[in-house]
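Structure assessment
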Amino acid sequence: MTKAVRLPLETLPDFPALCQIWKALPEARLVGGAVRDMLNGMPASDFDFGTPETPPEVMKHLQDAGIGAVPTGLSHGTVTAVIDHRGYEITTLRRDDVTDGRHANVSWTQSWEEDAARRDFTINAMSCDRGGHIHDYFAGQEDLKAGRVRFVGDAGTRIREDALRILRFFRFQARFGSAAPDKDTLDALMHGVGMIERLSVERIWSELRRILTGPRVTETLRLMNQTGVMAACLPELSGQLPAAIQRLDVLIRYDGPADYALRLAALLAGAGCEPERAKRCVERLRLSRADASLVLAFLQTLPPVPERIVTDEDASSVLAEIPREVALGQAWLAEAQQIVTAPNRHDAASWKRLRLRLANLPVPVFPLAGRDLLAEGIPPGPRVGELLSMIRTWWRESGCRAGREECLTYLHDLRESFL
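Right, let's walk through the structure included here. Just so it is clear, the model here is predicted, and its values are computed rather than measured.

Despite not being glycine, D255 shows a phi value in the positive range, around 70°. The residue D255 is located in the loop between α12 (241–253) and α13 (260–270) in this model. Backbone geometry places C400, a non-glycine residue, at a positive phi of 60°. Among the structural elements, C400 can be located in the loop between α20 (382–397) and α21 (404–418).

Shown next as structure tokens:
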């Protein structure tokens, strides 16, 4: 079905580039997220095209028009047009011939409706021609207005074609689904949970990360837990998922930052994950080394709390020991734990003062290095490191205020007893 709706494409910053593509490929249409977002009054950033022309034809038409053409995914029918150093993906209309839950064998088609029928959700199955007219074969506009995230056709069939659609459903439900999912959709999601194990952990984490930093996080995670999807994605939290989600909910309600590493750490902390179990989780999800280190650092014991960080010197001592980002994350998690376990002791103002100190104080720099001890006549060897560690401990415990000369004086005081 084609709806008599026109989008004002001429108002888009990318309109000149889009016109170049349409001049070379007049039958092409914008597809997917850009159409959905423009209809929803949201800024569109990624402009992807569908076209009935085959990939070799697309390459030729673009090159004839003087547009850079890169064969980025020819097996899937995708060519990237490069205009002013920006890429625009152009994909030949397709039908799925064989699917296995992860990959599909495709063939080309001339039918826009057939191509739309293979997409995941009705709100993602619309297209827009060069005149700005919307083509909507599955009532995506009505679903968008009603806040419904609905699979194209039969939900179970769409999920069996690609198990990643289970996680994508929750991400889009969080962003666009003001209406509750219907029973058939929930049943299809629950029946498809076993297929999640076929997905690579990188794809699982990619979707989870976007869910954790998106809108309506707590509501979405509870729905994922209800359907069994959370346990399939984070088995390390199995049995403790309600407590894990509650801890994250507290962090979000008290304005904790929308950082995926911190929010994953909140789930792990809420589930009572000991260090080894938390480490297994981040390793299984194959987080980057930096992200994994950050999550585990957030979960370290003895976080900065108002009872211990009373002065600027106390905060400086913390910043001398651990990175600012880690200290702030630990403070957020410690406050969330207090709210859950000892709400009568919670004093929001004291936690705010603590975080302000940690956020605004300069990071102190220890003024000595090994070469300074060698220059003072300390023989090379392990004692240099031992002495340096002792001086650093004294410097940190005294509020990180001592300068180079004071630290050297303390070294001289140590020499007789230590050497």
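From this point on, the discussion continues.
Mapped onto the elements, D115 comes out in helix α4 (residues 112–117). You can call D115 buried: its relative accessible area is 4%. At 3.1 Å, the side chain of D115 and the side chain of R119 are in polar contact. Once residues within four sequence positions are removed from consideration, D115 is found in contact with T92, L93 and R94.

Bringing the packing of helix α7 (residues 164–176) against helix α10 (residues 217–226) into the picture now. Here α7 crosses α10 at 150°, and the two axes come no closer than 9 Å. Between α7 and α10, the angle is such that the two are roughly antiparallel. Here α7 runs over α10; the crossing is right-handed. Touching L167, F170, Q173 and A174 of α7 are T220, L223 and M224, all from α10. Class assignment of the residues belonging to the contact of α7 with α10 gives a composition of 5 nonpolar, 2 polar and no charged.

We now examine helix α3 (residues 55–64). Turning to α3, its buried residues number three or more, namely P55, V58, M59 and L62. Seen from one end, α3 has its buried residues packed into an arc of 100°, which puts them on one side. Residues of α3 that are exposed and angled more than 90 degrees away from the buried face: P56 and D64. Looking one or two residues past α3, G66 carries a phi angle of roughly 75°, positive in sign.

Let us look at α20. The end-to-end C-alpha separation of α20 is 23 Å, in line with the 22 Å expected for 16 residues at 1.5 Å each. Here α20 has its buried residues at V384, L387, L388, I391 and W395. Seen along its axis, α20 keeps its buried residues to an arc of 100°; they face one direction. Opposite the buried face of α20, at more than 90 degrees from it, the exposed residues are P382 and E397. Two residues or fewer past α20, G399 is found with a positive phi of approximately 90°.

Within the largest apolar cluster, 63 residues are counted, with the highest numbers of intra-cluster contacts made by F170, L221, M224, V229, L237, L264 and L267. Excluding residues that lie within four positions of it along the chain, V229 makes contacts with I166, L167, F170, V193, I196 and M224. Among the nonpolar cores identified, the runner-up in size contains 30 residues, and I21, M59, L62 and M126 belong to it.

Calculation criteria
Residues numbered from 1 in each chain as written. Predicted model: local features only at pLDDT ≥ 70, side-chain atom pairs only at ≥ 80, totals over all residues. Heavy atoms only, no water. Helix = DSSP H or I, 4+ residues; strand = E, 2+ residues; numbered from the N terminus. Buried < 20%, exposed > 50% of the residue type's maximum accessible area, 1.4 Å probe, protein only. Polar contact = N/O pair within 3.5 Å; in protein donor to acceptor, adjacent residues only side chain to side chain. Contact = heavy atoms within 4.5 Å. Axes fitted to C-alpha atoms, helices over the stretch in contact; angles between N-to-C directions. Parallel < 35°, antiparallel > 145°, perpendicular 65-115°, else oblique. Left-handed = near helix turned anticlockwise from the far one by under 90°. Nonpolar A, V, L, I, M, F, W, Y, C, P; charged D, E, K, R; others polar. Arc of directions from axis to C-beta. Expected span 1.5 Å × (residues − 1). Core = buried A, V, L, I, M, F, W, Y, C linked by side-chain atoms within 4.5 Å.

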